[in-house]
Every structure is written in C-alpha cells, then in structure tokens.
Amino acid sequence: MMKLSSLICQDCSKAAVLFNSKKRILEFISELAHNKLPYLAQQDILNSLMAREKLGSTGIGRGIAIPHARMNGAQDPLALILINEKPISFDAIDNRPVDIFVALIVPDGDNSQHLKTLSTIAEKLNNKEFCKQLRSAQSDESLYQIIVEQS
Amino acid sequence: MRSEDTFLIQNKLGLHARAATVLAQLAVKFDASITLYQDEKEAAGDSVLALMLLESSKGKEVKVVCEGPDAAPALEAIGQLIAQRFNEQE
C-alpha cells in the first residue's frame, strides 16, 4: 500500500483556509500546484480542474471532494490537502457542503498508477476518525503531522 | 431477494473516481443493499470511497451482490452500467 504522506508535502497542506466558492478554491489549488510544479502553467492546471468538475462534481460525499487534473507534463502524482474552515457548496453526490479537499495532479496515461493513488487516498478518507482529526487541525504544520503520523 | 453476478470491467480507466461516482449514484436509487467484491476486497455500492478502494482496473472481474426487494432490477442496472463502460468512450 502506498502511503498518503508520500504524495503530500508540508507546503501542500493547508489548514483552516477560508474560501467561499468552488471557483476560488480551485484557483488556490492551481496556484499551490504551480508553485510545486513550476513547469506546469497555473492556468492549464486550473482549466483542467474546472473541466473535470464540469464532467461531474468530485464531491464524493461526507464533506469530502477530490478535485483532480490529469496533466500531460506531470511526472509524478502530487496531492494537496486543504481544510476549509466552513463547508462550501460543491455539488457533491450527497448534496452536503464540502470542507475536506484532497486535490490531485496526476500524469496522463498511467491508469493503474492513478487507481493506486485513488485507493491510497480513499483508504485514509474512509476512516471517519482520521477525517475528524484533519478537520480539527489548527495549523498547516499540525495538519501535515496528522498525515505523516496516520499514514 | 438476493441476486448476484460477475462482470468484467471493460473501460480503459477502470473504476476511477468518475466511474465510481456514477455507480454510487445508481446504487442509491435502489432499496437493495449492493456490494461489490473483487479479489479479497469488498465495497458498498453506494460509497465512492469504498469503490475506489477496490482499485478495479480494466480486465478485472467484479462480483456484484444485491439483497433486498428490488435486487433483480438493481443487479441488471449495475451490470448494464459496467457493460456500457460507465458511458465512457473507451
């Protein structure tokens, strides 16, 4: 089993952020991802994230969303985690607002790798106690620590 | 009522996030409880997270078990969705 902590790094973990719309949080995700992967243009990342949401919301229920972009130039999968202070409307499958965002930038084409990445994330997020801990993180550091310790 | 059958995952991307979401949205429409089995893993059909844990790729065989008053139509609908490659192009 792959570890969640091998996909996420500290500067991609953001606790208690405050965004009020799908568009705004996806913009912030694309900005963070571009800082981490400067060879990918921020606008391309944003366009890809938005295009994926148009196909159907990545709000998978229980206040969790996994916005993702398959990018041609990406080398390894990168995950970013953001906890929004207040749940926001995200057209989720269960109609509940979302406050846990685990975003993914993945290389295009490697399907078995992508399924493995999704299952790594699902395994942790399926644990309600883990989600509770994520939601209670007060700082980026403590959010990242929870991920390192629990996965 | 209990109905079960085995289906082959045929779409190129396998049971990725969107396919899992479409399946879960279909599963909640039925009263029957729907469970998917693959290798030693099992997943509730109405949970996207659980379905993604199966890591079902193209070519994998998935057993679908439906239990409840509408088990037969539920099984038929789920089987059809998988056979139609989750309405994906390839």
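Residues numbered from 1 in each chain as written. Chains lettered and ligands numbered in written order. Predicted model: local features only at pLDDT ≥ 70, side-chain atom pairs only at ≥ 80, totals over all residues.

(A) Just the overall build of chain B, in detail. The secondary structure content of chain B amounts to three helices and four strands. Beginning at the N terminus, the succession of helices and strands in chain B can be written as β-α-β-β-α-β-α. Computed over its C-alpha atoms, the radius of gyration of chain B comes to 12 Å, within 12% of the 12 Å expected for a compact globule of 90 residues. When its C-alpha atoms are laid out on the principal axes, chain B stretches across 35 × 25 × 20 Å. Across chain B, the fraction of contacts at a sequence separation of at least 24, relative to all contacts at a separation of at least 6, is 71%. (Helix = DSSP H or I, 4+ residues; strand = E, 2+ residues; numbered from the N terminus. Rg over C-alpha atoms; globule rule 2.2 N^0.38 Å. Contact = placed C-beta atoms within 7 Å.)

(B) Highlighting unusual backbone geometry. All names here are of chain A. Of note, the phi angle at Arg 62 is positive, near 60 degrees, even though the residue is not glycine. Among the structural elements, Arg 62 can be located in the loop between β2 (59-61) and β3 (64-65). One non-glycine residue with positive phi stands out, namely Asp 91, at about 55 degrees. Looking at where Asp 91 falls in the secondary structure, it is placed in the loop between β5 (78-88) and β6 (98-107).

(C) The sheet that holds strand β2 (residues 33-38) of chain B, seen in detail. Residue and element names in this part refer to chain B. Spatially, the four strands line up as an open sheet ordered β1-β4-β2-β3, and their pairing is antiparallel. Since the sheet does not close on itself, it has two edges, and those belong to β1 (2-8) and β3 (41-44), each with one partner. Averaged over neighbouring strand pairs, the angle between their axes works out to 20 degrees when direction is ignored. Alignment of β2 against strand β4 (residues 61-67), held across five bridges, turns out to be antiparallel. Within β4, the position partnered with Thr 35 by the bridge is Val 65. Against the sheet, helix α3 (residues 71-83) makes contact with β1, β2 and β4, and its axis sits at roughly 5 degrees relative to β1, the strand it touches most. (Pairing = 2+ DSSP bridges. Axes fitted to C-alpha atoms, helices over the stretch in contact; angles between N-to-C directions.)

(D) Broad picture of the interface of chain B and chain A. With 16 residues of chain B in contact, the opposing surface of chain A contributes 19 residues. The set of elements that each furnish at least two residues to the side of chain B that touches chain A consists of α1 (17-27) and α2 (48-53) of chain B. Its residues assigned to classes, the side of chain B that touches chain A comprises eight nonpolar, five polar and three charged. (Nonpolar A, V, L, I, M, F, W, Y, C, P; charged D, E, K, R; others polar.)

(E) Examining the nonpolar core more closely. One finds A:Ala79, A:Leu80, A:Ile81, B:Leu51 and B:Met52 to be the most contacted residues of the largest nonpolar core, which totals 76 residues. Ranked by residues supplied to this core, first place goes to β6(A) with seven residues. Setting aside anything within four residues of it in sequence, one finds B:Met52 in contact with A:Leu118, A:Ser119, A:Ala122, B:Leu15, B:Ala17 and B:Ala20. (Core = buried A, V, L, I, M, F, W, Y, C linked by C-beta atoms within 7 Å. Buried ≥ 20, exposed ≤ 12 C-beta atoms within 10 Å, placed from the backbone.)

(F) Focus on the packing of helix α1 (residues 22-36) of chain A against helix α2 (residues 42-55) of chain A. Residue and element names in this part refer to chain A. One way to put it is that α1 packs onto α2 with a least axis distance of 8 Å and a crossing angle of 140 degrees. With respect to their mutual orientation, α1 and α2 come out oblique. In this structure, α1 meets α2 at a crossing whose hand is right-handed. Contacts from Lys 22, Leu 26, Glu 27, Ile 29, Ser 30, Glu 31, Ala 33 and His 34 of α1 reach α2 at Gln 42, Ile 45, Leu 46, Leu 49, Met 50 and Glu 53. Tallied by class, residues from the contact of α1 with α2 come to seven nonpolar, three polar and four charged. (Parallel < 35°, antiparallel > 145°, perpendicular 65-115°, else oblique. Left-handed = near helix turned anticlockwise from the far one by under 90°.)

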